[in-house]
Amino acid sequence: LSFFPSFRPFHVEPTNIVSVNDDMQRVTDEASAMNKRIHYYSRLTSPADRALIAPDHVLPAPDEIYVYSPLGTAFKVDSCTDGYGKNSSIVTIFMIWNTMMGTSILSIPWGIKQAGFTSGIILILLMGILTLYCCYRVVESRKMIPLIDTSNWEFPDVCKYYFGSFGQWSSLLFSMVSLVGAMVVYWVLMSNFLFNTGKFIYNFVNDINVTDIVLGTNGSNKVICPSAANSHPPQNRSVMFSSGNSTGFELFEEWWNKSQTVPFYLVAVLLPLLNLKSPSFFAKFNVLGTVSVVYLVFLVTLKAARLGIHLEYTWFTEDDFFVPEFRILFPQLTGVLTLAFFIHNCVITLLQNNRNQENNVRDLSIAYFLVGLTYMYVGVIIFASFPSPPLSKECIEQNFLDNFPSDDIMSFVARIFLLFQMMTVYPLLGYLARVQLLRQFFGNAYPSIFHVLLLNIAIVGAGVAMARFYPNIGGIIRYSGATCGLAFVFVYPSLIYVISLRRAGQLTWPALIIHIFIILLGLANLIAQFLL
């Protein structure tokens with residue numbers, strides 16, 4: 001999880017000089033901001049690696065900032081600085097919101113179904129508050145280190161200070177878990193979106209009217225239950241068509257399969273892109289992340305308006321069409337939410353560019369509120385509007401777009417947006433994984449094409465294997481979220497805070513008990529993912 005602001009040499013126009021003191025202060029502020037940026041670049045890659053020091057014709061404008069988030073979005077904010085490397089509170093809030101918003105939103109309705117409607121709402125609120133508190137502890141962790149200039153430190157630096165080489169390597173390990181987990185989820189989703197997009201285009205071009213063997217509603221606002229027959233993801237099992245060549249259609253079905261062929265087709269496109277030394281070209285398309293989230297909210301709202309609300313409260317007993325309000329499977333939602341609210345790895349970078357540092361707590365709280373509100377809105381609306389009866393709430397898929405047929409126009413547009421956005425973000429995530437891992441072992445983010453290719457083949461192979469044998473994004477998200485969240489959300493922030501208080505002689509029993517309880521919650525969250 002990383003943050004790349006661009007930089008260029010500063011200058012002061014003579015006509016803008018009001019006074020010598022004001023001019024010197026502006027020069028100092030801008031130079032300080034630029035030096036921080038240069039320092040951050042130098043820590044991501046070795047001095048010999050020029051991948052992050054692009055020429056002027058490649059670099060974005062000085063006031064453009066890029067933020068990359070595993071399982072979130074990668075976006076560009078235009079004209080967001082005040083000329084001295086600082087952002088307004090509104091821009092800071094938007095950056096945090098947009099960084100956390102991502103593919104997790106597709107699994108929130110499924111998570112609510114697993115936990116139960118009422119407990120799902122409660123858990124979103126509680127996990128939002130808990131992760132916000134831990135995020136605040138991360139932000140404050142640098143300030144609690146005395147007699148050392150920590151202005152350029154990130155949270156892994158703080159971990160190294162308190163825990164030595166163990167903190168350094170363990171933070172790298174959990175960071176790689178989040179990055180590789182993100183890339184695996186992206187591969188599964190890209191396979192899904194490419195399959196449905198290709199199916200829609202083929203049927204439309206060949207004027208084929210397909211009826212799938214899948215339980216669903218009738219009418220213009222069709223909702224389907226792909227996993228009604230069994231627990232496996234939906235397959236391309238079409239049996240009726242009004243026109244076209246039947247032999248050609250059967251051949252298409254054979255070579256265009258969601259799990260057996262499409263994941264391998266992506267290799268030919270994305271593996272070469274992962275080997276590029278600089279991913280700067282793909283950052284130009286990252287605004288699609290924001291567009292995708294906005295469009296998903298619009299799609300959910302319109303679908304709910306057409307489908308209506310279908311709720312019935314059954315508190316603890318099973319029902320043919322509804323799920324209990326409280327279910328023992330609720331840790332599956334907490335695992336998803338751990339990653340959905342995960343920004344702890346880069347929040348220091350985002351907030352240190354806030355113009356008014358005294359507003360950091362307020363801006364972070366507002367951003368978390370907006371993130372929680374977005375998750376709550378999409379999750380609750382999809383769950384409540386899911387047509388039960390005739391379908392059971394158990395039919396809600398781990399990717400809620402799978403509940404809409406491939407010939408649904410609005411869902412087709414959403415899949416196109418998400419597919420293109422993920423194909424541009426995927427090389428950026430691969431670049432971050434390469435920089436973090438290879439630089440630690442070889443001191444260079446690009447030691448040779450052989451090293452880079454070997455790493456990329458391993459990452460792509462993991463994505464293909466998951467898309468082939470375990471294409472369950474909800475499961476992948478909750479496992480990776482609970483794993484990296486254990487370190488960056490629950491354990492490290494709490495331990496660092498307790499150690500800091502003890503060194504300052506301010507540690508009290510209530511503080512110790514509270515933070516031990518937070519650590520135990522994170523550990524229980526991880527263990528529960530493998531038991532339920």
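The following refers to the structure shown. (Residues numbered from 1 in each chain as written. Predicted model: local features only at pLDDT ≥ 70, side-chain atom pairs only at ≥ 80, totals over all residues. Heavy atoms only, no water.)

**Comments concerning the overall build of the protein chain**
Reasoning step 1: Of the regular secondary structure elements, the protein chain holds 15 helices and seven strands.
Reasoning step 2: Summarising the internal contacts of the protein chain: among those between residues at least 6 apart in sequence, 81% fall at separations of at least 24. (Helix = DSSP H or I, 4+ residues; strand = E, 2+ residues; numbered from the N terminus. Contact = heavy atoms within 4.5 Å.)

**Quick look at the state of the cysteines**
Formally, a disulfide is one covalent bond, and it connects the sulfur atom of one cysteine to the sulfur atom of another.
Reasoning step 1: In total, this model carries one disulfide according to the counting rule given.
Reasoning step 2: One disulfide in the model links Cys225 with Cys395; its S-S distance is 2.0 Å. What sets the handedness of the Cys225 and Cys395 disulfide is the S-S torsion sign, and at about -80 degrees it is left-handed. Within this pair, whereas Cys225 is found in strand 6 (residues 224-225), its partner Cys395 is found in the loop between helix 11 (360-385) and helix 12 (409-442), the two being separated by 170 residues in sequence.
Reasoning step 3: A residue is classified by how much of its surface remains accessible, and Cys395, at 7% relative accessible area, is buried.
Reasoning step 4: Not part of a disulfide, Cys135 finds its nearest cysteine sulfur in Cys346, a span of 8.5 Å.
Reasoning step 5: Taking the relative accessible area as the measure of exposure, Cys135 reaches 0% and is therefore buried. (Disulfide = S-S within 2.5 Å. Buried < 20%, exposed > 50% of the residue type's maximum accessible area, 1.4 Å probe, protein only.)

**Points about the nonpolar core**
Reasoning step 1: Phe400 and Tyr426 are the most contacted members of the largest nonpolar core, which has 120 residues in total.
Reasoning step 2: Sort the elements by how many residues they give to this core and helix 5 (residues 155-205) lands first, with 18 residues.
Reasoning step 3: Among the nonpolar cores identified, the runner-up in size contains seven residues, and Tyr202, Ile208, Phe252 and Trp256 belong to it. (Core = buried A, V, L, I, M, F, W, Y, C linked by side-chain atoms within 4.5 Å.)

**Quick word on the packing of helix 4 (residues 117-141) against helix 11**
Reasoning step 1: The N-to-C vectors of helix 4 and helix 11 enclose an angle of 160 degrees; their axes lie 10 Å apart at closest approach. When the axes of helix 4 and helix 11 are compared, the pair comes out roughly antiparallel. Seen from above, helix 4 lies across helix 11 with right-handed handedness. Residues Phe117, Ile121, Ile124, Leu125, Gly128, Thr131, Leu132, Cys135, Tyr136 and Val139 of helix 4 form the contact with helix 11, whose participating residues are Val361, Leu364, Ser365, Tyr368, Gly372, Met376, Val380 and Phe383. (Axes fitted to C-alpha atoms, helices over the stretch in contact; angles between N-to-C directions. Parallel < 35°, antiparallel > 145°, perpendicular 65-115°, else oblique. Left-handed = near helix turned anticlockwise from the far one by under 90°.)

**Things to note about helix 2 (residues 89-100)**
Reasoning step 1: In a regular helix each residue adds 1.5 Å, so 12 residues correspond to 16 Å; helix 2 covers 17 Å between its end C-alpha atoms and thus fits that length.
Reasoning step 2: Most of helix 2 is tucked away, with 10 of its 12 residues classed as buried.
Reasoning step 3: Restricting attention to buried positions, one finds in helix 2 the residues Ser89, Val91, Thr92, Ile93, Met95, Ile96, Trp97, Asn98, Thr99 and Met100. (Expected span 1.5 Å × (residues − 1).)

**Quick notes on the pattern of salt bridges**
Reasoning step 1: A complete count under the given rule lists five salt bridges for this structure.
Reasoning step 2: With a shortest N-O distance of 3.7 Å, Lys113 and Glu394 are connected by a salt bridge. Here Lys113, found in helix 3 (residues 108-115), pairs with Glu394, found in the loop between helix 11 and helix 12; they are 281 residues apart in sequence, far enough to count as distant.
Reasoning step 3: Taking the relative accessible area as the measure of exposure, Lys113 reaches 5% and is therefore buried.
Reasoning step 4: Here Glu394 falls in the partly exposed class, since its relative accessible area comes to 32%.
Reasoning step 5: Here Lys143 ties to Glu140 by a salt bridge, and the two come within 3.4 Å at their closest N and O atoms.
Reasoning step 6: One connected set of salt bridges, linked through shared partners, spans Lys113, Arg327 and Glu394. (Salt bridge = Lys/Arg side-chain N within 4 Å of Asp/Glu carboxyl O.)

**Quick word on the environment of Leu526**
Reasoning step 1: For Leu526, the position within the fold is in helix 15 (residues 509-531).
Reasoning step 2: Placed 43 residues apart in sequence, Leu526 and Thr483 show a C-alpha to C-alpha distance of 6.2 Å.
Reasoning step 3: For Leu526, the contacting residues outside a window of four places in its chain are Ala482, Thr483 and Leu486.

**Describing the packing of helix 14 (residues 473-503) against helix 15**
Two measures define how a pair of helices packs: the angle their axes make with one another and the distance between the axes.
Reasoning step 1: At a minimum axis separation of 9 Å, helix 14 and helix 15 run at an interaxial angle of 165 degrees. Between helix 14 and helix 15, the interaxial angle falls into the category roughly antiparallel. For the pair helix 14 and helix 15, the sense of crossing is left-handed. From helix 14, Arg478, Tyr479, Ala482, Thr483, Leu486, Phe490, Val491, Ser494, Leu495, Tyr497, Val498 and Leu501 reach across to helix 15, where they touch Ala511, Leu512, His515, Ile518, Ile519, Gly522, Leu523, Asn525, Leu526, Gln529 and Phe530.
Reasoning step 2: Of the residues contributing to the contact of helix 14 with helix 15, the split by class is 16 nonpolar, six polar and one charged. (Nonpolar A, V, L, I, M, F, W, Y, C, P; charged D, E, K, R; others polar.)

**As for the side chain of Ser494**
Reasoning step 1: As for its position among the elements, Ser494 is in helix 14.
Reasoning step 2: Assessed through its relative accessible area of 2%, Ser494 is described here as buried.
Reasoning step 3: Apart from the residues lying within four places of it in its own chain, the contact partners of Ser494 are His515, Ile518 and Ile519.

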